[in-house]
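# Analysis of the macromolecular model
Chain residues, written in single-letter form:
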Amino acid sequence: MSPRQGGRVGAPTSPDGGSTSPARPTRRQFLKVSLSAGGGLVVVLHGPWANGNSAAAAAGVQTTSDDFRAGPFVTVHPDGSATIYAKNPEIGQGVKTSLPMIVAEELGVAWESVRVEQAPYDPDRFGPQYAGGSTGITTNWDRLRIAGAGARHLLVAAASNRWGVDPADCSAANGVVAHGTGAGRRELAYGELLTEAAGIQPPDPESLILKRPSEFTIVGTSRSDVDLKEIVTGRTRYGLDYRVDGMQFAVIARAPTFGGRVRSFDAKPALAIPGVRQVVEIEPLDNRAYMSGGVAVVADSTWAAIKGRGALVVDWEPGPHATESSETLRDQFSQLIEGKGEVVRHDGDVDEALSSAVTRLEAVYEVPFLYHATMEPMNCVADARGDQIEIWAPTQVPGLCVALASIVTGVPREAITVHMLRAGGGFGRRLMAEYAAEAAAVSKATGAPVQVSCTREDDMRHGYYRPAGMYRMSAGLDGDGTLIAWESNVSTTSRHAFRGDEDTAAETEVFPDALPGAAAPNFRVTYAPAETSVPTGALRGPGKNATTFVEQCFLDEIAHASGQDPVAIRRRVIGEPRELPYRDHGGPTFQTGRIRHVLDVAVEESGWNRSLAVSSDRSGARPTGRRGRGVAAHMMFGAYVAHVAEVTVANDGRVRVDRVVCALDCGIVVNPIGARAQVEGGILHGISAVLHGEITIADGGAVEGNFDDYPLLRLDEAPEIEIHFVESSEHPQGLGEMAFPGIMPAVCNAVFDATGVRVRRLPIDVAELRFG
């Protein structure tokens, strides 16, 4: 039996190599309360949610004689206010606000009385701590509710004991326990109950009564980012702002070709630059995915280090892929998609179904490498003097920072401390941690604390890009337009293969249980990784940000070829409400009723069946472009999303996205204003990618180096955005990635609606859309 009103907790693998989510507490796992030596109250929740390490958890929650520190997450103070730790890294996704909201809801305090602090990196106290896979809310929902409810239980018990009444007859809200009504009503503030709560036997977490969604007063209400004032007044310290005493500054000269390495270098010209202190070679790790090496120039300022690097003379060994280019990769893809890859899934008889189909379609789609474009380039501060290391990093994976720093320095992991700084964007780029390895290595070599930072050119030309790939699609329909066969032959630059996991190369690139393919009785997916040295990694909605574009655009082609409305064919493929097996992140099932619902909401709110107004100049005298509307719907990490996009295609081929309607079912929405920001950000990011995003490869390296040749969506290109969250009591899911993949096919389908031209290769080629 689980805590009442609790939801399920999934357990995907974390970037640190462990489980992102502990199991639900059982009756043998309990709250322990004791008095600290100073007389303060220590409350520890035992069991998997605290990693089962009561000694470590207790050590991490030392208290003063006045405070009630209820486990690792929350402290109640004598004035009734509470301090709540935000356990995961904050990269702009809002968890520093939303996770404490969950604790505060069950604790029963007013949000205005809560102070939020970033937790230190200590997985023994807090459980897994990272930001990835949109898992922050969904994997912490139960444990944070239990943390808040456990503390509330003890405070209510203390009050009921004082009054001699049944705790069930008491209530708690806004930091006050109450009993009775009218003239007989009694109240005690939390701050009056702290000492008495220390002597109470803590409850079994499974016996805790959690609030019903209808009782929520914090969860489901919009709360501004807890750091908002500090951000807008310039007081928040991001990684690039961080300083420690005696710190030096470093930039790294990196091979101009992926897979290249240092043959030799002459440090004298660099050392002649005023302010340059040292020049240090960084050896690559055996697995270059985690640190590729180079030559670090260390100076009194970042500018001096950059000037010194410019003077540095390095002889580079170009490596085995010095002639690699976008063209050679396309040639590989073209050969590998001819059905020669690993069969990932095969249902029925695809060949027979395709040969007998009344309507048969084939198309080839392509996606490019994409750059993450975080506003804060990669950087890290490390102090690796002596037998301990301290790291200050804007990172998504503090655990990986520890692991890599240990590898490059030989310092044991337990002697390494990581401070999680607020990051100026992540989008999956900071799931890698080479910046921590580099900073630790340079600090160890120089004997001084060092900040290693990237210029925009460094960051763009030496990133871990969204994989490029090619997709040969085939489909067959019977006489009444029913989809009877679907085949995907795929080749990409697998991010698993890049980091050496060739056996699982397909897992990050194709999703064989996803609709629409999985709805066909005859269904085959094959995958073949391309050989490449181009670094790849996770980018917002990894894998899905390519396959959703391909599948939702190809489904539109099927609709057009069979004379069906694009919405009608999606409803037909989705079918009746049911649960389908889904093995990937977001499973174990795919609920067709939920995706049908968000599709219907988006279609209704967009006015799908209404004609679009003609685009005119300001005088209204003449048309200035062709208008179209497109739709897409998909499931991402357990959330269901549908987009309708409206576009105008100018006569010169330029595409403007005028309006986007997005409907989502992500379960319970913890912080609506934060959720809306994530969805809006994902939509704008996706439009930027579909219109502009492409990293090209030439002579073994990346061509683009800054925003002049890798443009982002500008303010005057932003569309009107309407967001509709479906009311739901389902277990909450994250939202940082879900809106990104689906907007790309919605825009491309709208371009076809406007022009009759299919977009099968991204970004959109303006030349193909010119008219007149």
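Structure first, text after, so check above.
Structural notes, computed from the coordinates. (Residues numbered from 1 in each chain as written. Predicted model: local features only at pLDDT ≥ 70, side-chain atom pairs only at ≥ 80, totals over all residues. Heavy atoms only, no water.)

Scanning the chain from terminus to terminus reveals 19 helices and 32 strands. The C-alpha radius of gyration computed for the chain amounts to 28 Å, which stays within 12% of the reference 28 Å derived for 772 residues, consistent with globular compactness. Its C-alpha atoms put the chain at 85 × 70 × 60 Å along the principal axes. Considering the chain as a whole, with its 772 residues, one finds that 60% of them fall into the buried category. When the accessible area of the chain is evaluated, it comes to approximately 29,500 Å², of which 48% is carbon and sulfur surface. Side chains of the chain carry 73 positive and 94 negative charges; the gap between the two charge centres is 3 Å. (Helix = DSSP H or I, 4+ residues; strand = E, 2+ residues; numbered from the N terminus. Rg over C-alpha atoms; globule rule 2.2 N^0.38 Å. Buried < 20%, exposed > 50% of the residue type's maximum accessible area, 1.4 Å probe, protein only. Areas by Shrake-Rupley, 256 points an atom, 1.4 Å probe, with all protein chains shown as cover. Lys, Arg positive; Asp, Glu negative; His and termini not counted. Charge placed at Lys NZ, Arg CZ, Asp CG, Glu CD.)

Looking now at a nonpolar patch on the surface. A cluster of nonpolar side chains, namely Leu-228, Ile-231 and Val-232, defines an oily patch on the protein surface of about 250 Å² accessible area. Mapped onto the fold, Leu-228 is located in helix α6 (residues 228–232). (Patch = residues over 30% accessible without salt bridge, like charges linked within 9 Å, V, L, I, M, F, W, Y side chains within 5 Å. Salt bridge = Lys/Arg side-chain N within 4 Å of Asp/Glu carboxyl O.)

There is about 700 Å³ of room inside the second largest pocket. In terms of lining residues, the second largest pocket is bounded by 27 residues, among which Arg-152, Cys-170, Ser-171, Ala-172 and Ile-209 are the most central. Only α2 (95–107), α4 (136–163) and β7 (170–173) provide two or more residues apiece to the lining of the second largest pocket. The element that contributes the greatest number of residues to the lining of the second largest pocket is α4, accounting for 5 residues. Of the residues that constitute the lining of the second largest pocket, the class distribution is 14 nonpolar, 7 polar and 6 charged. (1 Å grid on protein atoms, 1.4 Å probe; cavity = no way out; pocket = protein on both sides within 12 Å on 5 of 7 lines; lining within 4 Å. Points joined across faces, edges and corners; volume = space filled by probe spheres on them. Nonpolar A, V, L, I, M, F, W, Y, C, P; charged D, E, K, R; others polar.)

So, about the packing of aromatic side chains. Scanning the entire structure with this criterion turns up 12 aromatic pairs. Note on Trp-486 and Phe-554: the rings are 5.4 Å apart at their centroids and 70 degrees apart in plane angle, and the pair reads as edge-to-face. Placement of Trp-486 in strand β22 (residues 483–492) and of Phe-554 in helix α15 (residues 544–561) is noted, with a sequence separation of 68 residues between them. Accessibility classification places Trp-486 together with Phe-554 in one group, the buried group. Centre to centre, the rings of Phe-590 and Tyr-640 are 5.7 Å apart; their planes meet at 80 degrees, and the pair counts as edge-to-face. Of this pair, Phe-590 sits in strand β25 (residues 589–591) while Tyr-640 sits in strand β28 (residues 639–650), and the two are 50 residues apart along the sequence. Taking relative accessible area as the criterion, Phe-590 reaches 3% and is therefore assigned buried. (Phe/Tyr/Trp six-rings, centres within 6.5 Å; stacked < 30°, edge-to-face > 60°.)

What follows is about the pattern of salt bridges. Going through the model one piece at a time under the given rule, you end up with 45 salt bridges. Two residues, Asp-513 and Arg-583, come together in a salt bridge whose shortest N-O distance is 2.7 Å. Residue Asp-513 is located in the loop between α14 (495–498) and β23 (522–527), and its partner Arg-583 is located in the loop between β24 (579–581) and β25; the two are separated by 70 residues in the primary sequence.

To continue, consider the sheet that holds strand β9 (residues 186–189). Here we have 3 strands laid out as an open sheet, ordered β7-β8-β9, and antiparallel in their pairing. In the strand order of this sheet, the two ends are held by β7 and β9, each with one partner. On average, adjacent strands in this sheet sit at an angle of 20 degrees to one another, irrespective of strand direction. Pairing of strand β8 (residues 176–179) with β9, which is carried by 4 bridges, proceeds in the antiparallel orientation. Looking at β9, one finds that His-179 is bridged to Arg-186. Strands β7, β8 and β9 of the sheet are contacted by α4, whose axis makes an angle of about 45 degrees with β8. (Pairing = 2+ DSSP bridges. Axes fitted to C-alpha atoms, helices over the stretch in contact; angles between N-to-C directions. Contact = heavy atoms within 4.5 Å.)

So, about the sheet that holds strand β12 (residues 276–282). The strand order across the open sheet built from 7 strands is β12-β13-β10-β20-β17-β18-β19, with neighbouring strands paired in mixed fashion. At either end of the open sheet lies a strand with only one pairing partner, and these are β12 and β19 (416–420). Here the strands of the sheet are splayed against their neighbours by 25 degrees on average, with no regard to which way each runs. Examined bridge by bridge, β12 and strand β13 (residues 294–299) share 6 bridges and lie antiparallel to one another. Along β13, the bridge assignment pairs Val-279 with Val-297. Against the sheet, helix α8 (residues 302–311) makes contact with β10 (248–253), β12, β13 and β20 (450–453), and its axis sits at roughly 30 degrees relative to β10, the strand it touches most.

It is worth spelling out the nonpolar core at this point. Membership of the largest hydrophobic core comes to 111 residues, with the highest contact counts inside it found for Tyr-365, Phe-554, Ile-558, Ile-687, Ile-695, Val-747 and Ile-764. Those residues in contact with Ile-764 that sit more than four places away from it in its chain are Val-655, Val-690, Leu-691, Val-747, Cys-748, Val-751, Val-759 and Leu-769. Residues Ala-86, Val-103, Val-109 and Ile-668 belong to the second largest nonpolar core, which totals 46 residues. (Core = buried A, V, L, I, M, F, W, Y, C linked by side-chain atoms within 4.5 Å.)

Moving on to unusual backbone geometry. Across the chain, the bulk of peptide bonds are trans and the bulk of non-glycine residues have phi less than zero. Geometrically, the link from Leu-515 to Pro-516 is a cis peptide bond, its omega value of 5 degrees lying close to zero. With respect to the element layout, Pro-516 can be found in the loop between α14 and β23. That bond from Leu-762 to Pro-763 is cis: its omega, -5 degrees, falls within 30 degrees of zero. Within the secondary structure, Pro-763 is located in the segment after α19 (739–755). Within the chain, Ala-373 stands out as a residue other than glycine whose phi angle is a positive 60 degrees. Examined against the element boundaries, Ala-373 turns out to sit in the loop between β16 (359–367) and β17 (379–383). On the basis of relative accessibility, which here comes to 10%, the residue Ala-373 falls in the buried class. In this structure, Phe-637 is a non-glycine residue whose phi angle is positive, near 55 degrees. In this structure Phe-637 comes out as buried when scored by relative accessible area, which is 9%.

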